[in-house]
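# Remarks on the overall topology
Read off the chains here:
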Amino acid sequence: MKRIYRLLTIVALSFAGFNANAQVDFSSFLEGNEGDYNELMKRYMEPAFLGFGYGLNSGWYNTAKPHKLLGFDITPTLTMAFVPTKNQFFTINDADFQSFNLNPNSPTNQAPTLFGPNLPADELPLLDYTNNGNTVSLSTPTGLGLKEGDVPFNAVPTGMVQVGVGLFKNTEMKLRVIPTQVFKDNGDKVAEFGMFGIGFMHDLKQWVPGFKQLPLDVSGFVGWNKINTKFFLDPNNPDQVAEFNTSGFTLQGLVSKQLSILTVFGGVGIATTKTDFTLKGSYDTEGGTLVNPVNFDFASGGPRINLGFRLKLLILTLHADYAIQKYSTLTLGVGLSVR
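Procedures and definitions
- Residues numbered from 1 in each chain as written.
- Predicted model: local features only at pLDDT ≥ 70, side-chain atom pairs only at ≥ 80, totals over all residues.
- Heavy atoms only, no water.
- Pairing = 2+ DSSP bridges.
- Helix = DSSP H or I, 4+ residues; strand = E, 2+ residues; numbered from the N terminus.
- Bend = angle between axes of the 7 residues up to and from the residue.
- Buried < 20%, exposed > 50% of the residue type's maximum accessible area, 1.4 Å probe, protein only.
- 1 Å grid on protein atoms, 1.4 Å probe; cavity = no way out; pocket = protein on both sides within 12 Å on 5 of 7 lines; lining within 4 Å.
- Points joined across faces, edges and corners; volume = space filled by probe spheres on them.
- Nonpolar A, V, L, I, M, F, W, Y, C, P; charged D, E, K, R; others polar.

### What about the pairing of strand β5 (residues 126–131)?
Each regular strand carries side chains that alternate between the two faces of the sheet. Two strands pair when backbone bridges link them, and strand β3 (residues 101–102) and β5 are joined in this way by two bridges, in the antiparallel orientation. Directly across from L102, in β5, lies its bridge partner L127. Relative to strand β6 (residues 134–139), β5 is paired through six bridges, and the arrangement is antiparallel. Across the sheet, the residue bridging to L127 is L138, located in β6. The turn joining β5 and β6, which pair antiparallel and follow one another in sequence, is formed by two residues; a positive phi near 55 degrees is taken by N132.

Shown next, in the form of structure tokens:
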């Protein structure tokens, strides 16, 4: 089971940034019955996976004006998805679990999520469950406490690199492609990572009589991308695999105005995200053998409104934008753009 805890720690630290003071105890996971530890892990990890998904939907554009035919840009971006205060805790209700019950002496029924505060054990909910006829008590995991460490904000980071290419009829195609990368440690495969995304921006002014005279650029945008990740937990047992797959979809109407080297842009539309997390294989525990013990998913979506600006110095671009949505995001980018 140490490999499972190691996996969860890797996932946690990948979202935690550089907060070396964060200490998270995952020993309460995989206790109780299968439905309960899936539910507990799902609620605890939800802000990380949803924040990552909303970050994945960001950074697609920094103007509403598509490239001319064969014009192109290469643009790396960094997005921070801010975790709402209400998603820093979740409520422990006995009715939601079969084997877990809130201890009568528990100090609270509010448990931190991964992106909640880093609390001492005596301030965490205390759960009871039965193991071989004996009642066992355990504390829920604490949060990373990012605001208490080296990171000044509580947010999930996402990095991206994309290429935009101008096509016919004032249409631009955007691609995010990372062929499957294999990571090894001492010759043993430990992880795989790959990504594919595609988006299209199309000028709408050309189709509406009178719109060509507007001193603004107006376009429609649609984009979809997916990241697939695998963790190989045991080099001697290739069937023990954890998979973490996130997809995102964005549909927006865009508008921008160029003022010399400055372009102001914005968009209104919808964004959706979905994440699947599975733990495959057989695992020997004190309570018996668990087969494919973890399988849960997250889905979220809603309106998305963003506003930003871009500076273009010859072929160098610098841009930033802020999007208001369920997990609001701040995106910063730099690129090379040739019309």
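Continuing now.
### Thoughts on helix α2 (residues 34–56)
Since one α-helical turn is 3.6 residues long, residues separated by three or four positions face the same way. Of all the bends in α2, the greatest, near 55 degrees, is centred on M45, and the proline P47 appears no more than four residues after it. Taking burial as the measure, the 23 residues of α2 include 18 buried ones, the bulk of the element.

### Overview of the sheet that holds β5
Read across the sheet, three strands follow the order β3-β5-β6 without closing on themselves; strand pairing throughout is antiparallel. Taken across any chain shown, the strands that pair with only one partner, and hence form the sheet edges, are β3 and β6.

### Some details on empty space enclosed by the protein
Evaluation of the coordinates by the stated rule reveals two cavities of 30 Å³ or more. Looking at the lining of the largest cavity, the elements that each hand over two or more residues are β1 (72–82), β8 (171–185) and β16 (316–324). The class makeup of the residues in the lining of the largest cavity is two nonpolar, nine polar and six charged. Reported here for the second largest cavity is a volume of approximately 40 Å³.

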